[in-house]
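Structural overview for review
These are the residues of each chain, in order.
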Amino acid sequence: MSQNIEFKNGKVIVPDQPTIPFIEGDGIGKDITEPSQRVINAAVKAAYGDSKKLIWKEVLAGKKAFDLTGEYMPDETLKAFQEYLVGIKGPLETPVGEGIRSLNVALRQTLDLYVCLRPIRWFKGVPSPVRYPELVDMHIFRENTEDIYAGIEFMTGSAEAIKFCDFLINEMEVDVIRFPESSSFGVKPVSKEGSERLIRAAIKYAIERELPSVTIVHKGNIMKFTEGAFKNWGYDLAEAEFAHQTFTMRKFQQIARENGLKEAKTAFSKAKAMGKVIVKDVITDAFLQESLLHPYEHSVIATLNLNGDYISDQLAAMVGGIGISPGANINYISGYAIFEATHGTAPNIAGTGKANPGSLILSGAMMLEYLGWYEAAEHVYDAMDHTFSKRKVTSDLFNMMEGATLLTTSEFADEIIRNIH
């Protein structure tokens, strides 16, 4: 008999048979959802026998919801995620330039899922464009509710854009708008509270998992009062709330100025020897290069919304592509969490058996970890490793691997299940 997951005193309380609401998704969502659930179910059974079980409950969103209810995001769907606390979803279509607002962003904003967590790791045998993909092991904490993704935009020629432009020029005395008559405008809100809760979650994650560093990635050299403030608030937080568990590079620079470089290096070495998390910062464009050249120097990444979008996709490409990149949207204060396939709907291959369910399967494994069912999650990771090492893959990876065996979406899931030991 299913029971609801609860969140008490900052911890997820999970019954033996929790109800998990899921959105099938658009396009290939229908193709990957059922196979992914079969893999997750098999991993749970292998880990716990019949003592634990997930009870899947479909809720509607996207085109399927519109066809059945006339709404893209029915109220019942949001209520289900609020009631059951933890859920999972397939890809949802987002029209470009017009039409309905992104359903993904709407879910994140409504439930205040302020962390987009994207762990990036390589599975043995997966083709990669980089020479040493095994060195890539990063965990991206992308702020999910602010930055330009807040959706505050005014289209050129609209009354709102004209009013906003007039305000900037005549009241704020802004004189750098090159073509005011034809400009559209977007507003980039970055708050102290929003920045702190994101960076706090990233530091706690690093401490709990005994990871070596948190890198604050920002473009503060140009956007000094938004991204620059994000960096400064992050350092302030680390030094105030986690003084005994972290060592910041800002502190390193302070020691170097006051006592010399030798003393700073000694303090740094001592902090590392004590297992303290090193908190540092890198400008976004430099980080995109750094992550390619020296990926082993970065572990947990804390960054704003747009930067995180770019970074997530680049790092995913380094380990085989977004088709096997998992993701989650989490509020560590309320406990709400929605795990998701990170790729698009790929309507051109929907129904063909070509879709790779890897992203949704691995997001399911992340969900198992969030529930505290680590043994089941480890079964998924281990089985994926075995499947890829045997070069049994779906069409997206088949043409990049010599001697590979081509599997359909369902066959790939079956092979993973066979490799669960």
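Read on for a plain summary of the structure. This is a predicted model, so every value here is computed, not measured.

Looking at the overall build of the protein chain
When helices and strands are counted, the protein chain shows 15 helices and 17 strands. Against the 2.2 N^0.38 benchmark of 22 Å for 421 residues, the protein chain shows a C-alpha radius of gyration of 23 Å, consistent with a compact globule. Put simply, the protein chain has 421 residues, and 50% of those count as buried. A sequence separation of at least 24 residues applies to 73% of the contacts in the protein chain between residues at least 6 apart.

Points about the nonpolar core
Core analysis: the biggest nonpolar cluster contains 78 residues, and Phe 141, Val 214, Phe 339, Leu 368, Trp 373 and Phe 388 have the highest contact counts within it. It is helix α12 (residues 358-370) that provides the largest number of residues to this core, a total of eight residues. Contact partners of Phe 339, with chain neighbours within four places excluded, come to Val 86, Gly 87, Ile 88, Lys 89, Gly 327, Ala 328, Ser 363, Met 366, Met 367 and Tyr 370.

Looking at the sheet that holds strand β5 (residues 86-89)
With mixed pairing, eleven strands are arranged side by side in an open sheet as β4-β3-β5-β15-β14-β6-β7-β13-β10-β12-β11. Here the strands that pair on one side only, and so sit at the sheet edges, are β4 (55-58) and β11 (246-248). Neighbour to neighbour, the strand axes of the sheet diverge by 25° on average, direction disregarded. As paired elements, β11 and strand β12 (residues 277-283) share three bridges and run parallel to each other.

Comments concerning the packing of helix α8 (residues 249-259) against helix α9 (residues 261-273)
Two elements in contact, α8 and α9, have axes separated by 7 Å at closest approach and are oriented at 145°. Both α8 and α9 take part in a crossing whose hand is right-handed. In this structure, α8 contributes Met 249, Phe 252, Ile 255, Ala 256 and Asn 259 to the contact, and α9 contributes Leu 261, Glu 263, Ala 264, Lys 265, Ala 267 and Phe 268.

Points about the pattern of salt bridges
In the structure shown here, the tally under the stated rule is 24 salt bridges. The shortest N-O distance in the salt bridge between Arg 197 and Asp 112 comes to 2.7 Å. With a gap of 85 residues between them, Arg 197 in helix α6 (residues 192-208) and Asp 112 in the loop between α4 (103-110) and β6 (115-121) connect regions that are remote in the sequence. For Arg 197, a relative accessible area of 17% translates into the label buried. Judged by relative accessible area, Asp 112 falls into the partly exposed class, the value being 28%. Here Arg 250 and Asp 236 are joined by a salt bridge, their closest N and O atoms 2.6 Å apart. Taken together, the positions of Arg 250 in helix α8 and Asp 236 in helix α7 (residues 227-241) put the pair 14 residues apart, joining distant regions of the chain. Arg 250 sits in the partly exposed class, given a relative accessible area of 25%. A single network of salt bridges, built from pairs that share partners, joins Glu 24, Glu 58 and Lys 64.

With respect to the pairing of β6
Along any regular strand, the residues point their side chains to alternate faces of the sheet. When you tally the buried positions in β6, you get six out of seven residues, the bulk of the element. Here β6 pairs with strand β7 (residues 137-143) via seven bridges, running antiparallel. The partner of Ile 120 across the bridge, within β7, is Met 138. Across three bridges, β6 lies against strand β14 (residues 326-330) in antiparallel orientation.

A few points about the side chain of Ser 359
For Ser 359, the location among the structural elements is in helix α12. Each residue touching Ser 359, except ones within four places of it in the same chain, is listed here: Ile 322, Gly 323, Ile 324, Ser 325, Pro 326, Glu 340, Ala 341, Thr 342 and His 343.

Observations concerning a nonpolar patch on the surface
A surface patch of nonpolar side chains, about 320 Å² in accessible area, is lined by Tyr 132, Leu 135 and Tyr 296. Along the polypeptide, Tyr 132 turns up in the loop between β6 and β7.

Things to note about the environment of Leu 304
One can find Leu 304 in the loop between β13 (300-303) and α11 (305-318). Using a relative accessible area of 0% as the deciding quantity, one classes Leu 304 as buried. Considering only alpha carbons, one finds Leu 304 and Leu 360, 56 residues apart in sequence, at a separation of 24 Å.

Here's the deal with the pairing of β7
Across the seven residues of β7, six count as buried, placing the element largely inside the fold. Sheet topology note: the β7/β13 ladder contains four bridges and is parallel. Its bridge partner being in β13, His 139 is matched across the sheet by Val 300.

Digging into the packing of aromatic side chains
Taken as a whole, this structure holds twelve aromatic pairs when the rule is applied. Taking the centre distance of 4.5 Å and the plane angle of 15° together, the rings of Phe 66 and Tyr 72 count as stacked. Their ring planes at 80° and their centres at 6.1 Å tell us that Phe 252 and Phe 268 sit as a pair that is edge-to-face. Residue Phe 252 is located in helix α8, and its partner Phe 268 is located in helix α9; the two are separated by 16 residues in the primary sequence. An aromatic cluster is present here, built from Phe 123, Phe 388 and Phe 412 joined pairwise through their rings. Sitting over the face of the ring of Tyr 48, Lys 52 holds its NZ or CZ atom 5.5 Å from the ring centroid. Cation over ring: Arg 121 sits above Phe 123, and NZ or CZ is 4.1 Å from the ring centre.

Quick notes on the rules
- Residues numbered from 1 in each chain as written.
- Predicted model: local features only at pLDDT ≥ 70, side-chain atom pairs only at ≥ 80, totals over all residues.
- Heavy atoms only, no water.
- Helix = DSSP H or I, 4+ residues; strand = E, 2+ residues; numbered from the N terminus.
- Rg over C-alpha atoms; globule rule 2.2 N^0.38 Å.
- Buried < 20%, exposed > 50% of the residue type's maximum accessible area, 1.4 Å probe, protein only.
- Contact = heavy atoms within 4.5 Å.
- Core = buried A, V, L, I, M, F, W, Y, C linked by side-chain atoms within 4.5 Å.
- Pairing = 2+ DSSP bridges.
- Axes fitted to C-alpha atoms, helices over the stretch in contact; angles between N-to-C directions.
- Left-handed = near helix turned anticlockwise from the far one by under 90°.
- Salt bridge = Lys/Arg side-chain N within 4 Å of Asp/Glu carboxyl O.
- Patch = residues over 30% accessible without salt bridge, like charges linked within 9 Å, V, L, I, M, F, W, Y side chains within 5 Å.
- Areas by Shrake-Rupley, 256 points an atom, 1.4 Å probe, with all protein chains shown as cover.
- Phe/Tyr/Trp six-rings, centres within 6.5 Å; stacked < 30°, edge-to-face > 60°.
- Lys NZ or Arg CZ within 6 Å of the ring centre and 35° of its normal.

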